[in-house]
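Tertiary structure, described
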Amino acid sequence: MRALEDSEIPVPRVYGWEASKRWLGARFLVMEWIDAPHMGVAGPDASFEAFVEMVARIHRVDWREAGLGFLGVPKDAAAGVRAEIEEIARRTAEAWQRGATEVCLQGGIHPHFTGQTYLDVCRAAREGAPGIHIHAFSPLEVAHGAETLGLSVPAFLARLKAAGLGTLPGTAAEILDDEVRRIICPDKLDTARWLEIIAAAHQIGLRTTSTIMFGHVERIEHWARHLLALRDLQERTGGITEFVPLPYVHMEAPMHRRGQSRPGPTYREAVLMHAVPRLVLHPLIRNIQVSGGTLGPQGVAACLSAGANDLGGTLMNESISRAAGANPGQEMPPEAMQAAIRAIGRTPLQRNTLYKEVPAERAAQSYGAAPLAPVRSAGAREYHLAVRRRALN
């Protein structure tokens, strides 16, 4: 074991961290073999390949009907907007031209959305870029879509897959412990239902990611229960591609404004949340992702040296973390991501959603991409009028 040097590392004021955080010196020990290369997550030449991905993230709606005390978009936000189907197709096509290999589509539970809405979204993305991978719909959205169409979850997932869905994000997990969920997301799925929907996706050949939202009201034992629940699920299905820790963004979160939560995790906790899962989940879940756009260069370097092997995606049109008060910047281009990886002696490798290497011509298109066009979105009322007009034609 080795102790990290007792030095000052500047940390951006995100997730409630201090402007400068002491690394904790000898009090913060990191086992060298937690580092991903020592855990067998290495290339054939024993040089560690840290992954990056090109992702267009389109949050279809800034409306939250489900009660989410940790998001900065309240459930009664009547002024929320929703990108029209045509806009989703346009933004997907734009992302493909900029080198994206995946479009990630997530949103809230709008009271007028049905399962048909989600099917239309998939088809729009497929029309916008036939070759792009569609990564969409949280377990909460899947449950809502199935219920509104009177279908079982497996039957609705099969329809989504036929419409072009490739994988699901394992979001809406927050903390997989109902003691915590009753506090932070009482209107969402309970733990058993979340795990059941993810397992159903795996059973029909749809792989998923997995996540944890930490640093609010939970305790260490809740972390442990969450990680073990994911490990048990992966042992049964083998369908999880990666684990993604998501630090709680407190600044505009209603729960924090009411004094009911912590101001996010400490720096030490954020690093440990990448190191400990490497031990708990290995070798069943081989990929641990660090958020390059939110943890900052120092946080990325620390996490890539303490268990993480994936820098995630270059995000286009990200909105949820910014709505909650984070200011990570819209997009971390692949050039910057590769530089961050090389700075700590790792070898960057651009991947696709399923951790396969991206063809050279697709990777080349991601460099020096043109600026994003302004987002064109209509209000919820205008969207529903447009849907009615299309139905009458």
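**Observations concerning the overall build of the protein chain**
Within the protein chain, the secondary structure is distributed over 14 helices and 14 strands. Within the structure as shown, the protein chain displays about 16000 Å² of accessible surface, and the carbon and sulfur contribution to it stands at 54%.

**Focus: the packing of helix α3 (residues 139-149) against helix α4 (residues 153-162)**
Relative to each other, α3 and α4 sit at 100°, their axes nearing to 9 Å. Classified by the angle between their axes, α3 and α4 sit roughly perpendicular to one another. For the pair formed by α3 and α4, the contact residues are Val142, Gly145, Ala146 and Leu149 on the first element and Val153, Phe156, Leu157 and Arg159 on the second. For the contact of α3 with α4, a count of residues per class yields six nonpolar, one polar and one charged.

**Description of the side chain of Glu218**
On the secondary structure map, Glu218 appears in the loop between β10 (207-214) and α7 (220-237). Despite being buried, Glu218 has no salt bridge partner; Arg262 is the closest side chain of opposite charge, sitting 4.3 Å away. Engagement of the side chain of Glu218 in a polar contact is seen with the backbone nitrogen of Gly215, the distance being 2.6 Å. Within the structure, the side chain of Glu218 is placed 2.9 Å from the backbone nitrogen of His216, a separation counted as a polar contact.

**Considerations on the pairing of β10**
Buried residues dominate β10, accounting for seven of its eight residues. As defined by bridge partners, strand β9 (residues 165-168) adjoins β10 across two bridges and the pair is classed as parallel. Each residue of the ladder has a partner; that of Leu168, found in β10, is Thr208. The sheet contact formed by β10 and strand β11 (residues 240-247) spans six bridges and is parallel. Bridge pairing links Thr211 to Val244 in β11.

**Concerning the packing of aromatic side chains**
For the structure on display, the rule yields three aromatic pairs. An angle of 85° between the planes, with centres 6.2 Å apart, marks the rings of Phe113 and Tyr118 as edge-to-face. Taken as a pair, Phe113 and Tyr118 share a single burial class, namely buried. By way of ring pairs, the aromatic residues Phe113, Tyr118 and Phe137 are connected into one cluster. Over the ring of Tyr355 we find Arg351; its NZ or CZ atom is 3.9 Å from the centre of that ring.

**Some details on helix α12 (residues 334-342)**
Taken together, the buried positions of α12 are Pro334, Met337, Gln338, Ala340 and Ile341. Down the axis of α12, the buried side of the element spans an arc of 160°, and every buried residue falls inside it.

**Details of the confidence of the model for the protein chain**
Put simply, the protein chain has an average pLDDT of 76, and 68% of its residues get 70 or more. Note on residues 1-33: pLDDT is under 50 here. Beyond four places in sequence and across chains, it has 75 contacts. Taken as a whole, residues 378-385 scores under 50 in pLDDT and shows 15 contacts with residues more than four places along the chain or in a different chain.

**Here we look at the packing of α7 against helix α9 (residues 267-281)**
Where α7 meets α9, the closest approach of the two axes is 11 Å, and the angle between their N-to-C directions is 35°. Handedness of the α7/α9 crossing: right-handed. On α9, the residues that touch Trp223, Leu227, Leu228, Leu230 and Arg231 of α7 are Glu269, Met273, Val276, Pro277, Val280 and Leu281. Of the residues belonging to the contact of α7 with α9, the class tally is nine nonpolar, no polar and two charged.

Parameters at a glance
Residues numbered from 1 in each chain as written. Predicted model: local features only at pLDDT ≥ 70, side-chain atom pairs only at ≥ 80, totals over all residues. Heavy atoms only, no water. Helix = DSSP H or I, 4+ residues; strand = E, 2+ residues; numbered from the N terminus. Areas by Shrake-Rupley, 256 points an atom, 1.4 Å probe, with all protein chains shown as cover. Axes fitted to C-alpha atoms, helices over the stretch in contact; angles between N-to-C directions. Parallel < 35°, antiparallel > 145°, perpendicular 65-115°, else oblique. Contact = heavy atoms within 4.5 Å. Nonpolar A, V, L, I, M, F, W, Y, C, P; charged D, E, K, R; others polar. Buried < 20%, exposed > 50% of the residue type's maximum accessible area, 1.4 Å probe, protein only. Lys, Arg positive; Asp, Glu negative; His and termini not counted. Salt bridge = Lys/Arg side-chain N within 4 Å of Asp/Glu carboxyl O. Polar contact = N/O pair within 3.5 Å; in protein donor to acceptor, adjacent residues only side chain to side chain. Pairing = 2+ DSSP bridges. Phe/Tyr/Trp six-rings, centres within 6.5 Å; stacked < 30°, edge-to-face > 60°. Lys NZ or Arg CZ within 6 Å of the ring centre and 35° of its normal. Arc of directions from axis to C-beta. pLDDT = per-residue confidence, 0-100. Left-handed = near helix turned anticlockwise from the far one by under 90°.

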